[in-house]
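Residue-level structure breakdown
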Amino acid sequence: MHKVYFIGAGPGDPQLLTLQGASALRNTGLVFAPDPYELTFAEQFKGKTVLNPFDFDFADLVKRVRGRLSTAHVAFLIPGDLTFYAPFQALIDYFDEDAEVLAGVGIANAAAARLKRTLDLPGICNRAIIVSPKTLGDKKGMPHLEELAGKGATLLIYMNNMPLAQLCNSLRRGYDTDVPIALLHRLDLPGEEIIIGSLDTIVDKTAGRDYFNLDDPTGKPALTLVVVGDTLTAKVDGSWWDYRREHIWKKRQKGS
Ligand SMILES: C[S@@+](CC[C@H](N)C(=O)[O-])C[C@H]1O[C@@H](n2cnc3c(N)ncnc32)[C@H](O)[C@@H]1O
């Protein structure tokens, strides 16, 4: 029986495809891949039919997949991974038993690696919150960005649609103080840029450049993730390790 693979394809560099994902991709002839994979995965796509899923309405997509499924596997590449902000759920539900989802490197994972920071840090940060201003405060009674920002919170902001100065003002109201912020633009893609500053300095550091494609009339995704919170710059020394070893890990070792 052939499968429809939904492959978590990572931020865009094929090196970040899992071994499982790479193997599934090798075994398919028809691949649905959004931007920017047709460029960065050119080698992996050789000899395959590659279509952009967003060029088709749902019925048309299903028909195309069904047309191939009797003779071969079909793959959809999911930017990052299915876990957050992936638009493929209706297809996964539709193909049900024939659908197989393969985990991938989410953009948050790639960002933490590039920043060399763990995004929750005991004593500094006690929650990491995944948000998009696009979907916040869109209904009465739902929280706004500034209500989620606050001492001890790391925010991972996807699909930002606010001008940077406005975003920083909103965050400043929530945090009630200046905190570090990082813009990760085109992570693991050609043209990658990482800009690190604070809510008070980041606008100047971008020198007027629109990292969110807010001025682009096509609404093309900007591929910029924003990470905010004290965990970005907090210093952690060895006492943190020793405290845990003394109070937590040692006991476990004895118990084993
Ligand atoms: C539809 S969401 C996809 C999230 C994805 N499913 C994940 O696993 O993280 C698209 C948003 O993810 C972020 N993003 C996607 N690819 C990125 C990249 N290569 N570099 C930086 N941010 C990226 C941007 O915030 C973009 O607006």
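Thoughts on the overall build of the protein chain
Summing up its helical and strand segments, the protein chain has nine helices and ten strands in all. If you take every contact in the protein chain between residues at least 6 apart in sequence, the share linking residues at least 24 apart comes to 68%. Of the charged side chains in the protein chain, 29 are positive and 31 negative; the average position of the first set lies 6 Å away from that of the second.

What to know about helix α1 (residues 19-26)
Regarding α1, the residues found buried are Gly21, Ala24 and Leu25. Angular distribution of buried residues about the axis of α1 spans 100°; they occupy a single face of the element. Away from the buried face of α1 by more than 90 degrees, exposed residues Leu19 and Arg26 are located. Looking at the buried residues of α1, the elements they touch are β1 (4-8), β2 (28-32), β4 (73-78) and β5 (99-102).

Here's the deal with the site of the ligand
Near the ligand lie 17 residues; those nearest to it are Pro79, Asp81, Phe84, Leu187 and Thr224. One of the backbone nitrogen or oxygen atoms of proline 11 is found 3.4 Å away from a nitrogen atom of the ligand. In this structure, leucine 187 approaches the ligand through a main-chain N or O atom, which is 2.9 Å from a nitrogen atom. Grouping the amino acids of the shell around the ligand by side-chain chemistry returns twelve nonpolar, three polar and two charged. The two domains that each donate at least three residues to the shell around the ligand are domain 1 (4-105) and domain 2 (108-232).

Re the pattern of salt bridges
Close approach of charged atoms allows side chains with opposite charge to pair. Taken as a whole and assessed by the stated rule, the structure comprises nine salt bridges. With its nearest N and O atoms 3.1 Å apart, the salt bridge here joins glutamate 43 to lysine 46. One salt bridge in this structure joins aspartate 60 and arginine 64, with 3.7 Å as the shortest N-O distance. Placement of the pair is aspartate 60 and arginine 64 together in helix α3 (residues 58-69), with a separation of four residues, close to one helical turn. Judged by its relative accessible area of 36%, arginine 64 falls in the partly exposed class.

Some remarks on the nonpolar core
Within the largest apolar cluster, 24 residues are counted, with the highest numbers of intra-cluster contacts made by Leu155, Ile157, Leu171, Tyr175 and Val228. Of all the secondary structure elements, the ones that give two or more residues to this core are β6 (127-131), β7 (153-157), α7 (164-175), β8 (180-185) and β10 (224-228). The dominant element in this core, judged by the number of residues it contributes, is α7, at five residues. Residue contacts for tyrosine 175: discarding those within four places in its chain leaves Ala149, Gly150, Lys151, Ala153, Thr154, Leu155, Leu199, Val228 and Gly229. Judged by nonpolar contacts, the second largest core, of 18 residues, contains Leu69, Phe76, Phe88 and Leu91.

What about the packing of aromatic side chains?
Applying the stated rule across the entire model yields twelve aromatic pairs. Judged by centre distance (6.2 Å) and plane angle (90°), the rings of phenylalanine 32 and phenylalanine 56 are edge-to-face. Placement of phenylalanine 32 in strand β2 and of phenylalanine 56 in the loop between β3 (49-51) and α3 is noted, with a sequence separation of 24 residues between them. Put simply, the rings of Phe6, Phe32, Phe54, Phe56, Phe76 and Phe88 touch in pairs and so form one group of aromatic residues.

Parameters and conventions
Residues numbered from 1 in each chain as written. Predicted model: local features only at pLDDT ≥ 70, side-chain atom pairs only at ≥ 80, totals over all residues. Heavy atoms only, no water. Helix = DSSP H or I, 4+ residues; strand = E, 2+ residues; numbered from the N terminus. Contact = heavy atoms within 4.5 Å. Lys, Arg positive; Asp, Glu negative; His and termini not counted. Charge placed at Lys NZ, Arg CZ, Asp CG, Glu CD. Buried < 20%, exposed > 50% of the residue type's maximum accessible area, 1.4 Å probe, protein only. Arc of directions from axis to C-beta. Near = heavy atom within 4 Å. Polar contact = N/O pair within 3.5 Å; in protein donor to acceptor, adjacent residues only side chain to side chain. Nonpolar A, V, L, I, M, F, W, Y, C, P; charged D, E, K, R; others polar. Domains from an automatic or database assignment. Salt bridge = Lys/Arg side-chain N within 4 Å of Asp/Glu carboxyl O. Core = buried A, V, L, I, M, F, W, Y, C linked by side-chain atoms within 4.5 Å. Phe/Tyr/Trp six-rings, centres within 6.5 Å; stacked < 30°, edge-to-face > 60°.

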